[in-house]
Amino acid sequence: MTNNIENVINGNYCVGCGACAFISGNSMKLDKYGEYKPVFENLTNSNLKNLDLVCPSLSPNLNENVLAEKFLDSNSFQFDDKLGYHIENFVAHVNEFEIRKNGTSGGMGTWIGYELMALSLIDGIIHVRENDRKHPNDAFYKYSISKNLDVVKSRSKTKYHVMELSEVLNELKRIEGKFLIIGVPCFIKAIRRIQLIDDDIKNKIKYTVSLVCGHYKTVNWSISLGWSVGILPNQIKNIQYRTKGKNISARKYIFKVFSKIRNKIKIKDSSHVVGGKFNQGALMLPACEFCDDVTGETADLSIGDAWLPQFEYETEGKNLLIFRNKELLDIVKNASKQNRVFLKKINKDDAIKSQSGGFRQRREGLSFRLKQKEKQHKWVPIKRIKPGQFKVSYIRKLVYSLRTKSTYNSREYFIKALSLNNFNIYNNKMKPFLNLLRFVEIISNFKSYLKKFLRKFFGQIKI
């Protein structure tokens, strides 16, 4: 194995995308933490040279800006250091086929794939389906290729769950056609790098869609949600991470866990479960702390939640759309004229504001974490954000430090809970710590909370 890949894996910077396994003819396996890692059993001099090139954490000469310039018509785009190259930004939702009702948010992720297939622009979609689990530690979801329109509609909803690409890319090599792939930013970045050296993958993947990403959750996080509502790890059949319904705000993460025992279903707000509040970092992939791409800057289209005040209390949800492909933009605009989708243009400031927490974590927070690694003389991937680039207050440093500790502590406590078959080990260790983190977050955000409270009663103010 090369030293660079060893640094990525040993330093917990591996996102488990499987690009290195695919390009070298190897495989990916879930480890005890519920995270994918490469298993290198077949390395030769001929496939070693491409490992650094395809790994999202290596080869900084092929960062998001460079890849966007190679794959997008960037000369006609505007550029922003948070959104990357882009044409126009919108808030949107689907009006047809009950896709919005059945999707995670506005339904645009499912709709765009369905529409491209209906227009015969692609032969199928590379996206995520439910996995047939044989073992309690198996993945709940995995990548697959859908060529049937009804199947596409049935595979809606975002999955907060680690994935890997090597298996589905090997399948793609064996079939013919043009495809859309949907993935998180680092996965689309890996696909772009693979397309630089594999003409077959370049030709077959016609469009790329990135999901705006907060971070990846491990398989163990899904198990923890089920276990928290009384469904044992070996009894969990499947999980739905977000549920829509009357009086349920789009911001609410109401999960459903399906049991193998008498088809029992448990429903709960994840914020009321230890480690369930998404942004506190419990059972998060450690590599996600060193990502600087929130929106998927190398993708033709990025889709996320439109976390803007005027939309956040809608029960059906709204999508943020960031277009980097004029053909896709024209398709969606045409559907809007036919009232098949709702489309409202927003400026880049609102697009950024809709993901303000993510950008704070990946800009200010990342600069702090990189600086900490530098002080410890530890190897880190070279990012577009520099160590210490942002001035960070003491209280925000404390927030970021506690979130990192949350990630690493939760991994170890949950492993211990699994080994002793006792959820209380995880629950009792993490609960007081996460309460402390929440208290520090509230102090950190006091000014914004106060402003929001006063604005509600007195209108626009300046503080």
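One structure accompanies this document, and this report is about it. Nothing here was measured: the structure is a model prediction, and the numbers come from that model.

Right, let's get into the nonpolar core. Ranked by size, the top nonpolar core spans 88 residues in total, and within it Ile126, Leu169, Leu172, Phe187 and Tyr426 carry the most contacts. Among the elements that line this core, the one with the most residues is helix α18 (residues 423–444), at eight residues. Leaving out residues up to four positions away in the same chain, Tyr426 has contacts with Ser224, Val274, Gly275, Ala282, Leu283, Ser410, Tyr413, Phe414 and Ala417. Listed in part, the 28 residues of the second largest apolar core include Phe90, Met108, Leu329 and Val332.

This part takes up the pairing of strand β7 (residues 141–146). Here is the key point about a regular strand: its side chains alternate between the two faces of the sheet. Across the six residues that make up β7, a large majority, six, are buried. Examined bridge by bridge, strand β6 (residues 124–130) and β7 share six bridges and lie antiparallel to one another. Bridge pairing in β7 links Ile125 to Ser146.

What follows is about the environment of Ala299. Inspection of the secondary structure assignment puts Ala299 in the loop between β12 (265–269) and β13 (301–305). Here Ala299 falls in the buried class, since its relative accessible area comes to 0%. Taking the C-alpha atoms as reference, Ala299 lies 8.5 Å from Asn325; in sequence the two are 26 residues apart. Leaving out residues up to four positions away in the same chain, Ala299 has contacts with Leu72, Ile188, Arg192, Thr208, Val209, Ser210 and Arg324.

In the contact formed by helix α7 (residues 108–118) and helix α13 (residues 326–337), the axes pass within 11 Å of each other and the chain directions differ by 100°. Considering the angle they form, α7 stands roughly perpendicular to α13. The residues of α13 that touch α7, namely those facing Met108, Trp111, Ile112, Glu115 and Leu116, are Leu328, Ile331, Val332 and Ala335. Tallied by class, the residues present in the contact of α7 with α13 amount to eight nonpolar, no polar and one charged.

With nine of ten residues buried, helix α12 (residues 219–228) is to be regarded as a mostly interior element. Residues of α12 that are buried: Val219, Asn220, Trp221, Ser222, Ile223, Ser224, Leu225, Gly226 and Trp227. Close packing links the buried residues of α12 with β1 (27–30), β10 (236–240), β11 (254–259), α17 (394–420) and α18. After α12 finishes, the residue Gly230 shows a positive phi value of roughly 90°.

Criteria and cut-off values
Residues numbered from 1 in each chain as written. Predicted model: local features only at pLDDT ≥ 70, side-chain atom pairs only at ≥ 80, totals over all residues. Heavy atoms only, no water. Core = buried A, V, L, I, M, F, W, Y, C linked by side-chain atoms within 4.5 Å. Buried < 20%, exposed > 50% of the residue type's maximum accessible area, 1.4 Å probe, protein only. Helix = DSSP H or I, 4+ residues; strand = E, 2+ residues; numbered from the N terminus. Contact = heavy atoms within 4.5 Å. Pairing = 2+ DSSP bridges. Axes fitted to C-alpha atoms, helices over the stretch in contact; angles between N-to-C directions. Parallel < 35°, antiparallel > 145°, perpendicular 65-115°, else oblique. Nonpolar A, V, L, I, M, F, W, Y, C, P; charged D, E, K, R; others polar.

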